[in-house]
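# Working through the structure, step by step
Single-letter residue listing:
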Amino acid sequence: MAKVKTTFFCQNCGAQYAKWQGQCNACKSWNTIVEEVVQVPKKGDWKTSNNSQSKRASKPLKISEIDSSQTPRLKTSDKELNRVLGGGIVSGSLILLGGEPGIGKSTLMLQLALKLTCKTLYISGEESQKQIKLRAQRIAPNSPHCYILTETNTQKIFKQIEALDPDILVVDSIQTLQSDFLEASAGSVSQIKQSTTELMKFAKETATPVILIGHITKEGSIAGPKILEHMVDTVLQFEGDRNHVFRILRAHKNRFGSTHEIGIYEMQGDGLREVQNPSELLISNKEASLSGNAIAVTLEGMRPLLVEVQALVSSAVYGTPQRSATGFNAKRLNMLLAVLEKRAGFRLGAKDVFLNITGGIRVDDPAIDLAVVAAILSSNEDAALTKNYCFAAEVGLSGEIRPVQRIEQRIMEAEKLGFEAIFIAKNNKFSLKPKRIQIQLLGKIEELLNFI
Ligand code: TYD
Ligand code: MG
(Lines give C-alpha, C1' and ligand atoms only; values in the text may rest on other atoms or scores of the structure.)
(Ligands and ions follow the chains in the order given, each with its own letter.)
Protein backbone atom coordinates (compact mmCIF):
# COMPACT_ATOMS: atom_id res chain seq x y z
CA MET A 1 0.00 0.00 0.00
CA ALA A 2 1.43 3.29 -1.04
CA LYS A 3 1.73 6.02 1.56
CA VAL A 4 -1.45 8.06 1.89
CA LYS A 5 -0.79 11.59 0.78
CA THR A 6 -3.22 14.44 1.17
CA THR A 7 -3.39 17.89 -0.31
CA PHE A 8 -5.79 20.79 0.10
CA PHE A 9 -7.67 21.97 -2.97
CA CYS A 10 -9.90 24.96 -3.50
CA GLN A 11 -13.18 23.53 -4.81
CA ASN A 12 -13.88 26.74 -6.64
CA CYS A 13 -10.74 27.35 -8.67
CA GLY A 14 -8.59 24.27 -8.13
CA ALA A 15 -5.67 26.01 -6.42
CA GLN A 16 -3.57 23.63 -4.34
CA TYR A 17 -2.29 24.23 -0.79
CA ALA A 18 -0.09 22.32 1.62
CA LYS A 19 -2.13 23.41 4.65
CA TRP A 20 -5.73 24.28 5.28
CA GLN A 21 -6.70 27.92 5.26
CA GLY A 22 -9.96 29.82 5.41
CA GLN A 23 -9.68 31.85 2.26
CA CYS A 24 -8.27 30.84 -1.11
CA ASN A 25 -5.43 33.12 -2.14
CA ALA A 26 -6.17 32.61 -5.80
CA CYS A 27 -9.90 33.24 -6.12
CA LYS A 28 -10.52 34.88 -2.72
CA SER A 29 -13.52 32.70 -1.90
CA TRP A 30 -14.04 31.59 1.70
CA ASN A 31 -14.42 28.04 3.05
CA THR A 32 -13.82 26.36 -0.27
CA ILE A 33 -10.57 24.60 0.64
CA VAL A 34 -11.04 20.91 1.30
CA GLU A 35 -8.56 18.17 2.10
CA GLU A 36 -8.41 15.47 -0.54
CA VAL A 37 -6.53 12.21 -0.42
CA VAL A 38 -4.20 11.85 -3.34
CA GLN A 39 -1.99 8.91 -4.02
CA VAL A 40 0.84 9.16 -6.45
CA PRO A 41 -0.46 7.37 -9.54
CA LYS A 42 1.29 4.17 -10.47
CA LYS A 43 3.19 4.03 -13.71
CA GLY A 44 1.01 3.62 -16.76
CA ASP A 45 -2.33 5.23 -16.90
CA TRP A 46 -5.21 4.32 -19.06
CA LYS A 47 -3.65 1.02 -20.03
CA THR A 48 -1.41 -0.56 -17.47
CA SER A 49 0.16 -2.77 -20.11
CA ASN A 50 3.29 -1.55 -21.89
CA ASN A 51 2.26 0.92 -24.46
CA SER A 52 4.76 1.28 -27.24
CA GLN A 53 3.25 4.50 -28.54
CA SER A 54 3.59 6.42 -25.32
CA LYS A 55 7.19 5.29 -24.95
CA ARG A 56 8.17 6.47 -28.38
CA ALA A 57 10.32 9.54 -27.97
CA SER A 58 9.20 12.53 -29.97
CA LYS A 59 11.76 14.15 -32.26
CA PRO A 60 11.75 17.75 -33.42
CA LEU A 61 10.62 18.11 -37.04
CA LYS A 62 10.79 20.98 -39.50
CA ILE A 63 7.36 22.54 -39.75
CA SER A 64 7.39 21.93 -43.50
CA GLU A 65 7.93 18.22 -42.90
CA ILE A 66 4.95 17.76 -40.63
CA ASP A 67 2.15 16.02 -42.41
CA SER A 68 -1.06 17.89 -41.79
CA SER A 69 -3.13 16.15 -44.45
CA GLN A 70 -4.32 13.48 -42.10
CA THR A 71 -6.63 15.35 -39.80
CA PRO A 72 -9.82 13.63 -40.84
CA ARG A 73 -12.99 15.11 -39.47
CA LEU A 74 -15.94 13.00 -38.60
CA LYS A 75 -18.92 14.70 -40.23
CA THR A 76 -22.00 14.13 -38.13
CA SER A 77 -25.55 14.32 -39.41
CA ASP A 78 -26.05 17.31 -37.14
CA LYS A 79 -25.21 20.34 -39.29
CA GLU A 80 -25.32 22.79 -36.38
CA LEU A 81 -22.79 20.77 -34.38
CA ASN A 82 -20.53 20.42 -37.42
CA ARG A 83 -20.57 24.15 -37.90
CA VAL A 84 -19.77 24.95 -34.26
CA LEU A 85 -16.90 22.46 -34.27
CA GLY A 86 -15.46 23.99 -37.43
CA GLY A 87 -16.53 21.27 -39.86
CA GLY A 88 -16.88 18.06 -37.87
CA ILE A 89 -15.27 16.16 -35.02
CA VAL A 90 -11.47 15.95 -35.31
CA SER A 91 -10.12 12.51 -34.52
CA GLY A 92 -8.35 12.30 -31.19
CA SER A 93 -9.88 15.53 -29.95
CA LEU A 94 -11.21 16.04 -26.46
CA ILE A 95 -14.43 18.05 -26.36
CA LEU A 96 -16.05 19.41 -23.23
CA LEU A 97 -19.76 20.24 -23.31
CA GLY A 98 -21.01 22.39 -20.43
CA GLY A 99 -24.42 23.71 -19.55
CA GLU A 100 -27.00 24.16 -16.82
CA PRO A 101 -28.83 21.12 -15.49
CA GLY A 102 -31.82 20.15 -17.60
CA ILE A 103 -30.82 22.22 -20.59
CA GLY A 104 -30.44 19.15 -22.81
CA LYS A 105 -26.77 18.13 -22.78
CA SER A 106 -27.52 14.44 -22.37
CA THR A 107 -30.24 14.66 -25.01
CA LEU A 108 -27.93 16.34 -27.52
CA MET A 109 -25.17 13.79 -27.01
CA LEU A 110 -27.44 10.77 -27.01
CA GLN A 111 -29.00 12.04 -30.20
CA LEU A 112 -25.55 12.38 -31.71
CA ALA A 113 -24.59 8.88 -30.57
CA LEU A 114 -27.76 7.40 -32.04
CA LYS A 115 -27.32 9.05 -35.41
CA LEU A 116 -23.64 8.30 -35.95
CA THR A 117 -22.82 5.50 -38.33
CA CYS A 118 -19.62 4.45 -36.55
CA LYS A 119 -19.29 2.48 -33.34
CA THR A 120 -20.21 4.82 -30.49
CA LEU A 121 -19.89 4.18 -26.78
CA TYR A 122 -22.06 6.32 -24.53
CA ILE A 123 -20.92 6.08 -20.92
CA SER A 124 -23.32 7.34 -18.30
CA GLY A 125 -22.66 7.73 -14.63
CA GLU A 126 -25.93 9.52 -14.05
CA GLU A 127 -28.67 7.39 -15.54
CA SER A 128 -29.36 3.67 -15.78
CA GLN A 129 -29.32 1.82 -19.09
CA LYS A 130 -33.11 1.55 -18.92
CA GLN A 131 -33.53 5.29 -18.42
CA ILE A 132 -31.29 5.96 -21.37
CA LYS A 133 -33.21 3.47 -23.48
CA LEU A 134 -36.47 5.24 -22.63
CA ARG A 135 -34.99 8.56 -23.63
CA ALA A 136 -33.53 7.08 -26.80
CA GLN A 137 -36.93 5.75 -27.81
CA ARG A 138 -38.27 9.29 -27.85
CA ILE A 139 -35.43 10.55 -29.98
CA ALA A 140 -34.60 8.10 -32.71
CA PRO A 141 -35.25 4.56 -33.84
CA ASN A 142 -32.78 1.92 -32.72
CA SER A 143 -29.25 2.36 -33.86
CA PRO A 144 -27.06 -0.70 -34.50
CA HIS A 145 -23.88 1.25 -33.71
CA CYS A 146 -24.66 2.77 -30.33
CA TYR A 147 -23.52 1.06 -27.13
CA ILE A 148 -24.52 2.19 -23.64
CA LEU A 149 -22.39 1.59 -20.57
CA THR A 150 -23.28 2.66 -17.05
CA GLU A 151 -20.07 2.81 -15.08
CA THR A 152 -18.18 5.40 -13.08
CA ASN A 153 -14.84 3.74 -12.42
CA THR A 154 -12.35 4.86 -15.06
CA GLN A 155 -10.24 1.69 -14.93
CA LYS A 156 -13.35 -0.46 -15.49
CA ILE A 157 -14.39 1.86 -18.29
CA PHE A 158 -11.03 1.42 -20.02
CA LYS A 159 -11.38 -2.37 -19.74
CA GLN A 160 -14.71 -2.17 -21.57
CA ILE A 161 -13.24 0.20 -24.13
CA GLU A 162 -10.45 -2.25 -24.86
CA ALA A 163 -12.97 -5.01 -25.41
CA LEU A 164 -15.33 -2.94 -27.56
CA ASP A 165 -12.87 -0.69 -29.39
CA PRO A 166 -15.31 2.18 -30.11
CA ASP A 167 -14.73 4.88 -32.74
CA ILE A 168 -16.07 7.65 -30.55
CA LEU A 169 -16.68 8.02 -26.85
CA VAL A 170 -19.22 10.13 -24.94
CA VAL A 171 -18.86 10.51 -21.15
CA ASP A 172 -21.88 11.78 -19.20
CA SER A 173 -20.56 13.37 -17.00
CA ILE A 174 -16.93 13.96 -16.07
CA GLN A 175 -17.97 14.82 -12.50
CA THR A 176 -19.22 11.27 -11.88
CA LEU A 177 -15.99 9.51 -12.84
CA GLN A 178 -13.70 8.05 -10.22
CA SER A 179 -10.20 6.76 -10.78
CA ASP A 180 -8.63 3.99 -8.69
CA PHE A 181 -5.39 5.92 -8.53
CA LEU A 182 -6.90 8.51 -6.21
CA GLU A 183 -8.91 8.13 -3.07
CA ALA A 184 -10.69 11.45 -3.31
CA SER A 185 -14.44 11.25 -3.92
CA ALA A 186 -16.02 11.64 -7.36
CA GLY A 187 -16.58 15.22 -8.41
CA SER A 188 -13.65 16.59 -6.39
CA VAL A 189 -11.02 18.68 -8.09
CA SER A 190 -8.31 16.04 -8.05
CA GLN A 191 -10.65 13.31 -9.38
CA ILE A 192 -11.85 15.48 -12.26
CA LYS A 193 -8.25 16.30 -13.16
CA GLN A 194 -7.16 12.68 -12.96
CA SER A 195 -10.05 11.26 -14.97
CA THR A 196 -9.64 13.92 -17.64
CA THR A 197 -5.91 13.23 -17.89
CA GLU A 198 -6.55 9.52 -18.36
CA LEU A 199 -9.21 10.16 -21.00
CA MET A 200 -6.96 12.67 -22.74
CA LYS A 201 -4.14 10.12 -22.95
CA PHE A 202 -6.58 7.61 -24.35
CA ALA A 203 -7.89 10.09 -26.95
CA LYS A 204 -4.45 11.15 -28.13
CA GLU A 205 -2.94 7.68 -28.25
CA THR A 206 -5.78 5.99 -30.08
CA ALA A 207 -7.00 9.00 -32.11
CA THR A 208 -10.50 8.43 -30.77
CA PRO A 209 -12.58 11.55 -30.23
CA VAL A 210 -13.88 11.85 -26.66
CA ILE A 211 -16.77 14.09 -25.68
CA LEU A 212 -17.11 14.96 -22.00
CA ILE A 213 -20.26 16.42 -20.50
CA GLY A 214 -19.53 18.79 -17.63
CA HIS A 215 -21.75 20.38 -14.99
CA ILE A 216 -21.60 24.07 -14.42
CA THR A 217 -21.50 25.95 -11.15
CA LYS A 218 -23.91 28.56 -9.86
CA GLU A 219 -21.75 31.26 -11.42
CA GLY A 220 -22.03 29.63 -14.82
CA SER A 221 -18.51 28.33 -15.29
CA ILE A 222 -17.76 24.66 -15.73
CA ALA A 223 -17.54 22.96 -12.33
CA GLY A 224 -14.10 21.83 -11.32
CA PRO A 225 -10.87 23.61 -11.88
CA LYS A 226 -10.24 25.98 -14.74
CA ILE A 227 -7.51 23.55 -15.69
CA LEU A 228 -10.16 21.31 -17.21
CA GLU A 229 -10.80 23.93 -19.85
CA HIS A 230 -7.06 24.16 -20.55
CA MET A 231 -6.71 20.44 -21.00
CA VAL A 232 -9.43 19.90 -23.57
CA ASP A 233 -9.25 20.93 -27.23
CA THR A 234 -12.74 22.37 -27.46
CA VAL A 235 -15.11 23.83 -24.91
CA LEU A 236 -18.74 23.99 -25.97
CA GLN A 237 -21.47 25.65 -23.99
CA PHE A 238 -25.11 24.70 -24.34
CA GLU A 239 -27.34 27.51 -23.20
CA GLY A 240 -30.84 28.84 -23.33
CA ASP A 241 -33.80 29.47 -21.12
CA ARG A 242 -35.25 26.25 -19.76
CA ASN A 243 -38.77 27.58 -20.11
CA HIS A 244 -38.30 28.32 -23.77
CA VAL A 245 -37.65 25.92 -26.59
CA PHE A 246 -34.56 27.49 -28.08
CA ARG A 247 -31.08 26.29 -27.22
CA ILE A 248 -27.83 27.78 -28.42
CA LEU A 249 -24.62 25.81 -28.77
CA ARG A 250 -21.53 28.01 -28.62
CA ALA A 251 -17.81 27.27 -28.80
CA HIS A 252 -15.85 29.05 -26.07
CA LYS A 253 -12.56 27.55 -27.13
CA ASN A 254 -11.74 25.59 -30.25
CA ARG A 255 -8.30 24.44 -31.30
CA PHE A 256 -9.66 23.31 -34.67
CA GLY A 257 -11.89 26.14 -35.75
CA SER A 258 -13.29 29.55 -34.99
CA THR A 259 -15.29 30.37 -31.87
CA HIS A 260 -17.64 32.67 -33.74
CA GLU A 261 -20.11 30.08 -34.92
CA ILE A 262 -23.23 29.10 -33.05
CA GLY A 263 -25.72 26.32 -33.49
CA ILE A 264 -29.40 26.82 -32.76
CA TYR A 265 -31.73 24.02 -31.68
CA GLU A 266 -35.33 23.72 -30.71
CA MET A 267 -36.29 21.33 -27.89
CA GLN A 268 -39.25 19.23 -28.94
CA GLY A 269 -41.05 16.23 -27.56
CA ASP A 270 -38.84 13.95 -29.61
CA GLY A 271 -35.46 15.49 -28.97
CA LEU A 272 -33.62 18.51 -30.30
CA ARG A 273 -34.32 19.76 -33.78
CA GLU A 274 -31.78 21.81 -35.72
CA VAL A 275 -33.04 25.27 -36.61
CA GLN A 276 -31.79 26.26 -40.02
CA ASN A 277 -33.53 29.59 -40.32
CA PRO A 278 -33.84 30.96 -36.79
CA SER A 279 -34.98 34.48 -37.68
CA GLU A 280 -38.32 33.29 -38.99
CA LEU A 281 -39.07 31.49 -35.74
CA LEU A 282 -38.00 34.24 -33.38
CA ILE A 283 -40.29 36.85 -34.84
CA SER A 284 -43.59 35.97 -33.27
CA ASN A 285 -46.42 37.96 -34.71
CA LYS A 286 -45.72 39.22 -38.17
CA GLU A 287 -49.32 40.00 -39.03
CA ALA A 288 -50.39 42.50 -36.42
CA SER A 289 -48.31 45.52 -35.55
CA LEU A 290 -48.38 46.26 -31.83
CA SER A 291 -46.98 49.17 -29.92
CA GLY A 292 -43.74 48.49 -28.08
CA ASN A 293 -42.43 45.93 -30.56
CA ALA A 294 -39.37 46.46 -32.70
CA ILE A 295 -37.21 44.07 -34.67
CA ALA A 296 -33.43 44.11 -34.37
CA VAL A 297 -31.00 42.59 -36.82
CA THR A 298 -28.30 41.15 -34.56
CA LEU A 299 -25.38 38.88 -35.21
CA GLU A 300 -24.85 35.67 -33.29
CA GLY A 301 -21.37 34.59 -34.19
CA MET A 302 -21.18 34.90 -37.96
CA ARG A 303 -24.88 34.46 -38.51
CA PRO A 304 -27.37 37.30 -38.71
CA LEU A 305 -30.32 36.73 -36.44
CA LEU A 306 -33.49 38.78 -36.31
CA VAL A 307 -34.96 39.11 -32.86
CA GLU A 308 -38.02 40.84 -31.56
CA VAL A 309 -37.64 43.41 -28.78
CA GLN A 310 -40.69 44.16 -26.68
CA ALA A 311 -40.96 47.12 -24.34
CA LEU A 312 -43.65 48.16 -21.93
CA VAL A 313 -43.61 51.68 -20.55
CA SER A 314 -46.21 52.51 -17.91
CA SER A 315 -46.65 55.06 -15.14
CA ALA A 316 -44.75 54.14 -12.00
CA VAL A 317 -46.96 53.05 -9.14
CA TYR A 318 -44.26 53.24 -6.48
CA GLY A 319 -41.90 56.11 -5.77
CA THR A 320 -38.92 54.59 -7.57
CA PRO A 321 -39.70 53.46 -11.07
CA GLN A 322 -38.96 49.84 -11.92
CA ARG A 323 -36.63 48.81 -14.68
CA SER A 324 -36.40 45.23 -15.70
CA ALA A 325 -34.83 43.53 -18.69
CA THR A 326 -34.97 39.91 -19.84
CA GLY A 327 -32.34 38.85 -22.34
CA PHE A 328 -30.74 42.28 -22.35
CA ASN A 329 -28.20 43.92 -20.06
CA ALA A 330 -30.07 45.92 -17.40
CA LYS A 331 -27.24 48.45 -17.05
CA ARG A 332 -27.35 49.10 -20.77
CA LEU A 333 -31.11 49.62 -20.54
CA ASN A 334 -30.59 52.26 -17.84
CA MET A 335 -28.01 53.96 -20.01
CA LEU A 336 -30.33 54.05 -23.02
CA LEU A 337 -33.12 55.45 -20.84
CA ALA A 338 -30.81 58.20 -19.60
CA VAL A 339 -29.87 59.05 -23.16
CA LEU A 340 -33.55 59.24 -24.12
CA GLU A 341 -34.29 61.44 -21.14
CA LYS A 342 -31.52 63.87 -21.92
CA ARG A 343 -31.46 63.95 -25.73
CA ALA A 344 -35.02 63.30 -26.74
CA GLY A 345 -36.70 65.10 -23.84
CA PHE A 346 -38.65 62.11 -22.61
CA ARG A 347 -39.86 62.10 -19.03
CA LEU A 348 -39.14 58.45 -18.49
CA GLY A 349 -38.04 59.05 -14.90
CA ALA A 350 -41.57 58.54 -13.62
CA LYS A 351 -42.27 55.47 -15.70
CA ASP A 352 -41.73 51.76 -15.22
CA VAL A 353 -39.88 50.22 -18.13
CA PHE A 354 -39.92 46.50 -18.87
CA LEU A 355 -37.94 45.02 -21.71
CA ASN A 356 -38.04 41.53 -23.12
CA ILE A 357 -36.26 39.77 -25.96
CA THR A 358 -38.63 37.11 -27.25
CA GLY A 359 -37.67 33.47 -27.64
CA GLY A 360 -35.75 33.40 -24.36
CA ILE A 361 -32.44 34.25 -25.96
CA ARG A 362 -29.82 36.66 -24.66
CA VAL A 363 -28.36 39.30 -26.93
CA ASP A 364 -25.06 41.06 -26.29
CA ASP A 365 -24.63 42.58 -29.74
CA PRO A 366 -24.67 46.41 -29.39
CA ALA A 367 -26.56 46.64 -32.68
CA ILE A 368 -29.75 45.88 -30.76
CA ASP A 369 -29.66 49.36 -29.09
CA LEU A 370 -31.64 51.12 -31.78
CA ALA A 371 -34.42 48.53 -31.70
CA VAL A 372 -34.56 48.84 -27.89
CA VAL A 373 -34.89 52.61 -28.15
CA ALA A 374 -37.52 52.28 -30.87
CA ALA A 375 -39.52 49.79 -28.82
CA ILE A 376 -39.43 52.03 -25.75
CA LEU A 377 -40.48 55.11 -27.71
CA SER A 378 -43.21 53.17 -29.45
CA SER A 379 -44.62 51.89 -26.16
CA ASN A 380 -44.36 55.30 -24.56
CA GLU A 381 -46.33 56.92 -27.36
CA ASP A 382 -48.57 53.88 -27.67
CA ALA A 383 -48.01 54.04 -31.40
CA ALA A 384 -47.15 50.88 -33.28
CA LEU A 385 -44.14 50.82 -35.56
CA THR A 386 -44.76 49.61 -39.06
CA LYS A 387 -44.22 45.89 -38.78
CA ASN A 388 -41.97 45.82 -41.80
CA TYR A 389 -39.23 47.97 -40.26
CA CYS A 390 -36.12 46.60 -38.65
CA PHE A 391 -33.15 48.18 -36.88
CA ALA A 392 -29.39 47.66 -36.65
CA ALA A 393 -27.29 50.33 -34.93
CA GLU A 394 -25.65 51.18 -31.65
CA VAL A 395 -26.70 54.23 -29.63
CA GLY A 396 -23.98 56.40 -28.10
CA LEU A 397 -24.12 58.44 -24.91
CA SER A 398 -24.76 61.70 -26.71
CA GLY A 399 -27.69 60.21 -28.60
CA GLU A 400 -25.75 59.64 -31.79
CA ILE A 401 -26.48 56.55 -33.87
CA ARG A 402 -23.27 54.59 -34.30
CA PRO A 403 -22.25 52.14 -37.01
CA VAL A 404 -22.06 48.40 -36.39
CA GLN A 405 -19.96 45.70 -38.01
CA ARG A 406 -21.01 43.45 -40.91
CA ILE A 407 -23.85 45.71 -41.92
CA GLU A 408 -24.10 44.21 -45.41
CA GLN A 409 -24.82 40.79 -44.03
CA ARG A 410 -27.53 42.25 -41.84
CA ILE A 411 -29.13 44.14 -44.71
CA MET A 412 -29.14 41.02 -46.85
CA GLU A 413 -30.79 38.95 -44.13
CA ALA A 414 -33.48 41.60 -43.58
CA GLU A 415 -34.14 41.72 -47.31
CA LYS A 416 -34.33 37.95 -47.50
CA LEU A 417 -37.02 37.94 -44.84
CA GLY A 418 -39.07 40.54 -46.71
CA PHE A 419 -38.61 43.66 -44.61
CA GLU A 420 -39.45 47.00 -46.24
CA ALA A 421 -36.89 49.15 -44.49
CA ILE A 422 -33.84 48.85 -42.28
CA PHE A 423 -32.65 51.70 -40.05
CA ILE A 424 -28.89 52.01 -39.74
CA ALA A 425 -26.32 54.64 -38.78
CA LYS A 426 -25.62 57.46 -41.23
CA ASN A 427 -21.91 56.79 -41.37
CA ASN A 428 -22.11 53.03 -41.64
CA LYS A 429 -20.23 52.24 -44.83
CA PHE A 430 -21.60 49.64 -47.23
CA SER A 431 -21.26 49.03 -50.92
CA LEU A 432 -24.38 47.00 -51.34
CA LYS A 433 -27.22 47.98 -53.67
CA PRO A 434 -30.24 46.07 -52.38
CA LYS A 435 -33.14 45.73 -54.78
CA ARG A 436 -36.19 45.72 -52.54
CA ILE A 437 -35.29 46.87 -49.06
CA GLN A 438 -35.10 50.57 -48.34
CA ILE A 439 -32.18 51.78 -46.23
CA GLN A 440 -32.95 54.60 -43.78
CA LEU A 441 -29.88 56.43 -42.51
CA LEU A 442 -30.06 58.01 -39.06
CA GLY A 443 -27.59 60.36 -37.41
CA LYS A 444 -29.32 61.12 -34.11
CA ILE A 445 -31.98 59.62 -31.91
CA GLU A 446 -34.29 62.58 -32.55
CA GLU A 447 -34.56 61.61 -36.21
CA LEU A 448 -36.11 58.33 -35.21
CA LEU A 449 -39.09 60.15 -33.69
CA ASN A 450 -40.35 61.18 -37.12
CA PHE A 451 -41.02 57.56 -37.93
CA ILE A 452 -43.01 56.77 -34.78
P1 TYD B 1 -31.30 16.52 -20.39
O2 TYD B 1 -30.65 16.15 -21.66
O3 TYD B 1 -31.54 15.45 -19.39
O4 TYD B 1 -30.53 17.70 -19.68
P5 TYD B 1 -29.06 17.72 -19.04
O6 TYD B 1 -28.37 16.46 -19.40
O7 TYD B 1 -28.44 18.94 -19.64
O8 TYD B 1 -29.26 17.88 -17.57
O9 TYD B 1 -32.63 17.26 -20.80
C10 TYD B 1 -33.69 17.24 -19.98
C11 TYD B 1 -34.85 18.07 -20.46
O12 TYD B 1 -35.15 17.98 -21.83
C13 TYD B 1 -36.03 17.55 -19.72
O14 TYD B 1 -36.49 18.56 -18.87
C15 TYD B 1 -37.03 17.15 -20.74
C16 TYD B 1 -36.54 17.73 -22.01
N17 TYD B 1 -36.73 16.82 -23.17
C18 TYD B 1 -37.64 17.16 -24.14
O19 TYD B 1 -38.33 18.18 -24.06
N20 TYD B 1 -37.78 16.33 -25.23
C21 TYD B 1 -37.06 15.19 -25.37
O22 TYD B 1 -37.21 14.46 -26.37
C23 TYD B 1 -36.13 14.86 -24.34
C24 TYD B 1 -35.31 13.61 -24.45
C25 TYD B 1 -35.98 15.71 -23.27
MG1 MG C 1 -27.73 14.91 -18.16
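Residues numbered from 1 in each chain as written. Chains lettered and ligands numbered in written order. Predicted model: local features only at pLDDT ≥ 70, side-chain atom pairs only at ≥ 80, totals over all residues. Heavy atoms only, no water.

Along its length, the protein chain carries 12 helices and 23 strands. Each of the three principal axes of the protein chain carries a C-alpha extent, and together these read 80 × 50 × 50 Å. When the 452 residues of the protein chain are sorted by exposure, 49% land in the buried category. A separation of at least 24 residues holds for 65% of the contacts in the protein chain among residues at least 6 apart in sequence. In the structure as shown, the protein chain presents an accessible area of about 22100 Å², 50% of it carried by carbon and sulfur atoms. (Helix = DSSP H or I, 4+ residues; strand = E, 2+ residues; numbered from the N terminus. Buried < 20%, exposed > 50% of the residue type's maximum accessible area, 1.4 Å probe, protein only. Contact = heavy atoms within 4.5 Å. Areas by Shrake-Rupley, 256 points an atom, 1.4 Å probe, with all protein chains shown as cover.)

Moving on: the nonpolar core. Among the nonpolar cores identified, the biggest contains 47 residues, and Val309, Ile368, Leu370, Val372, Ile376, Phe391 and Leu448 are the most heavily contacted of them. A total of 8 residues in this core trace back to one element, the largest contributor, which is helix α10 (residues 369–381). For this core, the domains that each give at least three residues are domain 2 (75–276) and domain 3 (282–451). Setting aside residues no more than four positions away along its own chain, Leu448 makes contact with Leu370, Val373, Ala374, Leu377, Phe391, Phe423 and Leu442. Formed by 31 residues, the second largest nonpolar core is a distinct cluster that contains Ile168, Ile213, Ala251 and Tyr265. (Core = buried A, V, L, I, M, F, W, Y, C linked by side-chain atoms within 4.5 Å. Domains from an automatic or database assignment.)

Judged by pairing direction, the sheet is antiparallel, and its 3 strands sit side by side in the order β2-β1-β3 without closing on themselves. This sheet does not close on itself; its edge strands, each paired only once, are β2 (16–17) and β3 (33–38). Pairing of strand β1 (residues 5–10) with β2, which is carried by 2 bridges, proceeds in the antiparallel orientation. Looking across to β2, one finds that Phe9 is bridged to Gln16. With respect to the sheet, helix α6 (residues 189–206) is in contact with β1, β2 and β3, its orientation differing from that of β1 by roughly 100°. (Pairing = 2+ DSSP bridges. Axes fitted to C-alpha atoms, helices over the stretch in contact; angles between N-to-C directions.)

As a further point, take the environment of Asp369. Note on placement: Asp369 falls in helix α10. Along the chain, Asp369 and Ser91 lie 278 residues apart, while their C-alpha atoms are 42 Å from each other. Apart from residues lying up to four places away in sequence, Asp369 is in contact with Phe328, Arg332, Leu336, Ala393, Glu394 and Val395.

Another point: the pattern of salt bridges. Side-chain pairing between opposite charges can occur once the charged atoms of the two side chains come close. This structure, assessed with the given rule, holds 14 salt bridges. Between Glu127 and Arg135 there is a salt bridge; the shortest N-O distance is 2.5 Å. Residue classification places Glu127 among the buried positions, given a relative accessible area of 16%. Residue Arg135 is classed as partly exposed on the basis of its relative accessible area, which comes to 22%. Beyond isolated ion pairs, a larger network of salt bridges with shared partners links Lys204, Asp233 and Arg255. (Salt bridge = Lys/Arg side-chain N within 4 Å of Asp/Glu carboxyl O.)

The subject of this paragraph is the sheet that holds strand β10 (residues 210–215). Strand pairing in a sheet relies on backbone hydrogen bonds, with the paired strands running either antiparallel or parallel. With mixed pairing, the 9 strands of this open sheet are ordered in space as β8-β7-β9-β10-β6-β11-β12-β13-β14. In this open sheet, the two strands that pair with only one neighbour each are β8 (146–150) and β14 (271–274). Ignoring which end each strand starts from, the neighbouring axes of this sheet average 25° apart. Of the pairings in the sheet, the one linking strand β7 (residues 120–124) to β8 comprises 5 bridges and is parallel in character. Bridging from a neighbouring strand, Ser124 pairs with Thr150 of β8. Helix α3 (residues 105–115) rests against β6 (94–99), β7, β8, β9 (168–172), β10, β11 (234–240), β12 (246–254), β13 (262–268) and β14 of the sheet, and its axis sits at about 165° to β10.

What follows is about the state of the cysteines. The full count for this structure, using the stated rule, is 0 disulfides. Summary of cysteine pairing: Cys118 is not part of a disulfide, and the nearest cysteine sulfur, belonging to Cys146, is at 10 Å. For Cys118, a relative accessible area of 15% corresponds to the buried category. (Disulfide = S-S within 2.5 Å.)

Let us look at the site of ligand 1. Around ligand 1, the structure places 15 residues, and the nearest of them are Gly102, Ser106, Thr107, Gln268 and Gly271. At a separation of 2.9 Å, an oxygen atom of ligand 1 approaches a polar backbone atom of Gly269. When ligand 1 is considered free in solution it has 560 Å² of accessible area, and contact with the protein chains removes 74% of it. Elements supplying a minimum of two residues to the shell around ligand 1: α3, α4 (129–139) and β13. For the shell around ligand 1, the leading source of residues is α3, giving 3 residues. For the shell around ligand 1, the per-class residue count stands at 3 nonpolar, 7 polar and 5 charged. (Near = heavy atom within 4 Å. Polar contact = N/O pair within 3.5 Å; in protein donor to acceptor, adjacent residues only side chain to side chain. Nonpolar A, V, L, I, M, F, W, Y, C, P; charged D, E, K, R; others polar.)

Right, let's get into the packing of aromatic side chains. Summed over the entire model, instances satisfying the criterion amount to 4 aromatic pairs. Here Phe238 and Tyr265 contribute two aromatic rings whose centre-to-centre distance is 5.9 Å and whose plane-to-plane angle is 80°, an arrangement assigned as edge-to-face. One end of the pair, Phe238, is in strand β11; the other, Tyr265, is in strand β13, and 27 residues separate them in sequence. Like Phe238, the residue Tyr265 is buried in the burial classification. Among the aromatic residues, those joined into a cluster by ring pairs are Tyr389, Phe391 and Phe423. (Phe/Tyr/Trp six-rings, centres within 6.5 Å; stacked < 30°, edge-to-face > 60°.)

Quick look at α4 now. Along α4, the positions that sit buried rather than exposed are Ile132, Ala136 and Ile139. Seen end-on, α4 carries its buried residues on one side only, within an arc spanning 55°. Residues of α4 that are exposed and point over 90 degrees away from its buried face: Lys130, Leu134, Gln137 and Arg138. Residues of α4 that are buried in the fold lie against α3, β7, β8 and β14. (Arc of directions from axis to C-beta.)

A cluster of nonpolar side chains, Leu61, Ile63 and Ile66, forms an exposed patch at the surface whose accessible area comes to about 350 Å². Within the secondary structure layout, Ile66 lies in the loop between α1 (52–55) and β4 (73–74). Looking at Ile66, the relative accessible area reads 47%, which means it is partly exposed. (Patch = residues over 30% accessible without salt bridge, like charges linked within 9 Å, V, L, I, M, F, W, Y side chains within 5 Å.)

Functional significance is not addressed by these values, which are geometric in nature.
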